Amino acid sequence: MIFTIEKRRFRQSGKLHETRSYYLRYRIGDMPVDKWKSLGVTDKQVADKKAHEFIQEREREAAGILEPQAVRDSAKKALTAHLDDYVADLAARGRNGRNGRGARLLASRIRVLLDECEWRVPCKVSADSFIAWRNRQTCSPRTLNHYLQGMISFLNWMEKVGRIKVNPLKNVAKADERGKQKRVRRAFTDEELRKMVAGSAERGIIYFTAARTGLRQEELKQLTWGDLHLDAEVPFVVVRDSVAKNKKEESVQLVPEIVEALASHRPPSPSPIDLVFPAGIPRALRVRKDAERNGIPYRDETGRYADFHALRYTWATFLQRNGVAQRFAMKLMRHSDIKLTAKVYTDEMQLPIYDAIKNLPRLDAVPGDTQIRAQNLGVDGQNGAHPVASNGRSQHAETLANKGDSRCLAEPVATCPLERVKGIEPSSQAWEALVIRFEFDLWTARRFHPAASTALGGDLAFETMCIRSYRGGTGVSPVAHN
């Protein structure tokens, strides 16, 4: 450690000068270079005392006995002053939301906590006091989590800039929101949207645009004719980064019906900076009145709401219901996660789920032999199961074994229709698959019925009769019957 008390020297106009007050030159621990600190006194004994106090304080901070100076200074500063600095920093970094609305909402929630929890300075903030406040509230778990997240983000910022040593609320668990959501939205049906557009006067085009583009309320409010490209080969709308929720400029392609509707709504010679909806966007109460006037339940029997943001749900559900790929729907919705498109914004009650399952096979259905054979053997039919043999008697193919109650697919049946018909030359490939068994039976018949080897010059029909006679166990030659 380097520790010296001296006056600093400097040159001015080529002459060497010395400061009037004393400085401390020090290096503690792993500091790469020496540092200078003005002691602000001209008396060396006073300077020596102040220097020792300063070094002692730094050593205690390094050992963890004493909090850093910045933390100690912040501990004396009111939390409301820290909050003002936080909001200013959000604005400087462009993280205050659209028109600063997000930062104002965040600050209002934090001020409620500071007032109701009686948090005046940073050292008063604790997890126990927040949990006690949360237990007294009657609002929804989702709202309580918004308050918690806002305060955590504020304290995280204080920790990052060195105003507090640790965030006291970082380990507080969120309230369980499952099954306790007070506001769940649904999508408008096609008939409801048709009524809403037709029966809401000049507001109908606004509802229709929201339901066929997915633009949010604030994005529609600042939509200009310069953002719309209705006459392009592929019509699209540009959502500027200054109005987008995620601060990213994106293009959204438009379906033909909304292009036609907006073209009809367009004035003769609009300026690119003119608003598409100069009268503004309907607020929540106005949307509710329009819905009820047109016979649309603002809240259905399941407790789901049809508010203005439900028109964005309508767009996502419309895409899914009409077979648009989820990746395309995600792009049109401008989501960063496909789960948000598929699970949150798609109204599953409007999907044709029953149509997809109503024609599934029944458990009590008994399919025919042909159906079973087709299902088991596939496109190739019997060729995939029966062995194939050449005309040579010594070349035998091994028949597939079937065990238990399984249906015999390879072994020929004696009562096969082709075997019963007389005078028809078999030519199908299925008949050729029976050659092995037929040749074996023919050899047996000729051995035990000598007349079969000479009668009718080995006629096929006659030899078939011999086989049947042998199988039937009559022991009588077919020649005798003739």
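You'll find the structure just up there.
The rules behind each value
Residues numbered from 1 in each chain as written. Predicted model: local features only at pLDDT ≥ 70, side-chain atom pairs only at ≥ 80, totals over all residues. Heavy atoms only, no water. Pairing = 2+ DSSP bridges. Helix = DSSP H or I, 4+ residues; strand = E, 2+ residues; numbered from the N terminus. Patch = residues over 30% accessible without salt bridge, like charges linked within 9 Å, V, L, I, M, F, W, Y side chains within 5 Å. Areas by Shrake-Rupley, 256 points an atom, 1.4 Å probe, with all protein chains shown as cover. Salt bridge = Lys/Arg side-chain N within 4 Å of Asp/Glu carboxyl O. Buried < 20%, exposed > 50% of the residue type's maximum accessible area, 1.4 Å probe, protein only. Axes fitted to C-alpha atoms, helices over the stretch in contact; angles between N-to-C directions. Parallel < 35°, antiparallel > 145°, perpendicular 65-115°, else oblique. Left-handed = near helix turned anticlockwise from the far one by under 90°. Contact = heavy atoms within 4.5 Å. Nonpolar A, V, L, I, M, F, W, Y, C, P; charged D, E, K, R; others polar.

## Overview of the sheet that holds strand 9 (residues 250-253)
The strand order across the open sheet built from three strands is 7-8-9, with neighbouring strands paired in antiparallel fashion. Two strands close off the open sheet at either side, each with one partner strand: strand 7 (228-229) and strand 9.

## As for a nonpolar patch on the surface
The grouping of I353, Y354, I357 and L360 at the surface amounts to a nonpolar patch, some 440 Å² of accessible area in total. When you line up the elements, Y354 lands in helix 15 (residues 353-357). Residue classification places Y354 among the exposed residues on the basis of a relative accessible area of 58%.

## Structural notes on the packing of helix 8 (residues 204-213) against helix 12 (residues 310-321)
Contact geometry for helix 8 and helix 12: axes closest at 6 Å, N-to-C directions at 45°. Comparing the axis directions of helix 8 and helix 12 gives the class oblique. Crossing of helix 8 against helix 12: the hand is right-handed. When helix 8 is examined against helix 12, the residues Y207, A210, A211, R212 and T213 are found in contact with a partner set consisting of L311, T314, W315 and F318. The residue makeup of the contact of helix 8 with helix 12, split by class, is six nonpolar, two polar and one charged.

## Remarks on the sheet that holds strand 1 (residues 2-6)
Reading across from one edge, 1-4-5 is the order of the three strands in this open sheet, with antiparallel pairing throughout. Two strands bound the open sheet, and with one partner strand each, they are strand 1 and strand 5 (35-38). Neighbour-to-neighbour, the strand axes of the sheet open up by a mean angle of 20°, direction not taken into account. One ladder, built from four bridges, connects strand 4 (residues 23-27) with strand 5; its direction is antiparallel.

## Notes on the pairing of strand 3 (residues 15-18)
In this sheet, strand 3 lies alongside strand 2 (residues 9-12) in antiparallel orientation, the contact comprising four bridges. Looking across to strand 3, one finds that R9 is bridged to E18. The turn joining strand 2 and strand 3, which pair antiparallel and follow one another in sequence, is formed by two residues; a positive phi near 60° is taken by S13.

## Considering the pattern of salt bridges
Evaluation of the coordinates by the stated rule reveals 31 salt bridges. Residue R194 is joined to E191 by a salt bridge in which the shortest nitrogen-to-oxygen separation is 2.7 Å. Highlighted residues: R194 and E191, both in helix 7 (residues 190-198), separated by three residues, approximately one helical turn. Among the ionic pairs, D355 bridges to K358, the shortest N-O distance being 3.6 Å. Take K358: its relative accessible area is 45%, and that puts it in the partly exposed class.

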